[in-house]
Amino acid sequence: MVNIGFFVRIEAKPGHQAAVEAQLKLALPQVEAEPGTVVWMALRLGPTTYAVVDAFPDEAARQAHLEAGRARLAADPEHFAEPPVIEATDVIAAKVPAVGM
């Protein structure tokens, strides 16, 4: 069950979209290794706009992911038009695969 999450909006500099997408794709194996990160998706919202949506069962898992995520986002800041906006969220409804599927 997931109760809380993050919505992260990322704006790439024009011409830096491929680098931002590569950075997001490279994060996937690291996120998969986080036992408390139940949901994680990187999305393209527009030509230079991206988002990450993730969800967690508790605050400890969310904070662990936040620290790791900040380090990943800080690795290549030159690709961002502005710093990513990280919004904490409450999950009010979710459909997630059962563990072990």
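Residues numbered from 1 in each chain as written. Predicted model: local features only at pLDDT ≥ 70, side-chain atom pairs only at ≥ 80, totals over all residues. Heavy atoms only, no water.

1. Overview of the sheet that holds strand E4 (residues 85-90)
Where we set the bar: Strand pairing is assigned whenever DSSP identifies at least 2 bridges connecting the two strands. Only DSSP runs of H or I with at least four residues qualify as helices, and only runs of E with at least two residues qualify as strands; both kinds are numbered from the N terminus onward. Orientation is described by lines fitted to C-alpha atoms, with helices fitted over the stretch in contact, and by angles between N-to-C directions that extend from 0 to 180 degrees.
On the basis of which strands lie adjacent, the open sheet formed by 4 strands has the order E2-E3-E1-E4 and antiparallel pairing. Where the open sheet ends on each side, the last strands, each with one partner, are strand E2 (39-44) and E4. Put simply, the sheet's adjacent strands are angled 15 degrees from each other on average, direction ignored. With 6 bridges connecting them, E2 and strand E3 (residues 49-56) associate as antiparallel partners. By the bridge assignment, Met41 is partnered in E3 with Val53.

2. Regarding the pairing of strand E1 (residues 4-11)
For E1 and E3, the ladder comprises 8 bridges, and the chain directions are antiparallel. By the bridge assignment for E3, Ile10 is matched with Tyr50. Summarising the sheet, E1 and E4 pair through 6 bridges and their orientation is antiparallel. Each bridged residue has a counterpart across the sheet, and for Gly5 the counterpart in E4 is Thr89.

3. Looking at helix H2 (residues 59-74)
Put simply, the rule is: Between the first and last residue of a helix there are one fewer steps than residues, each counted as 1.5 Å, and that sum is the expected span. For every residue, the accessible area obtained with a 1.4 Å probe (protein chains only) is divided by the maximum for its type, and the residue is called buried under 20%, exposed over 50%, and partly exposed between those limits. It is the directions from the helix axis to the C-beta atoms that the arc portrays. The contact criterion used throughout is that any non-hydrogen atoms of two residues lie within 4.5 Å. Polar contacts, as counted here, are pairs of nitrogen or oxygen atoms within 3.5 Å of one another; within protein the pair requires one atom able to donate a hydrogen and one able to accept it, and residues that are adjacent in sequence qualify only if both atoms are side-chain atoms.
Look at H2: 22 Å from first C-alpha to last across 16 residues, which is about the 22 Å you get at 1.5 Å a residue. Within H2, burial applies to Ala61, Arg62, His65, Leu66, Gly69, Arg72 and Leu73. Each buried residue of H2 sits inside an arc of 135 degrees when the element is viewed along its axis, so together they form one side. Looking at H2, the residues exposed on the side facing more than 90 degrees away from the buried face are Ala60, Ala71 and Ala74. Where H2 is buried, its residues contact E1, helix H1 (17-32), E2, E3 and E4. Of the residues that open H2, the one with a side-chain oxygen 3.3 Å from the backbone nitrogen of Ala60 is Asp58.

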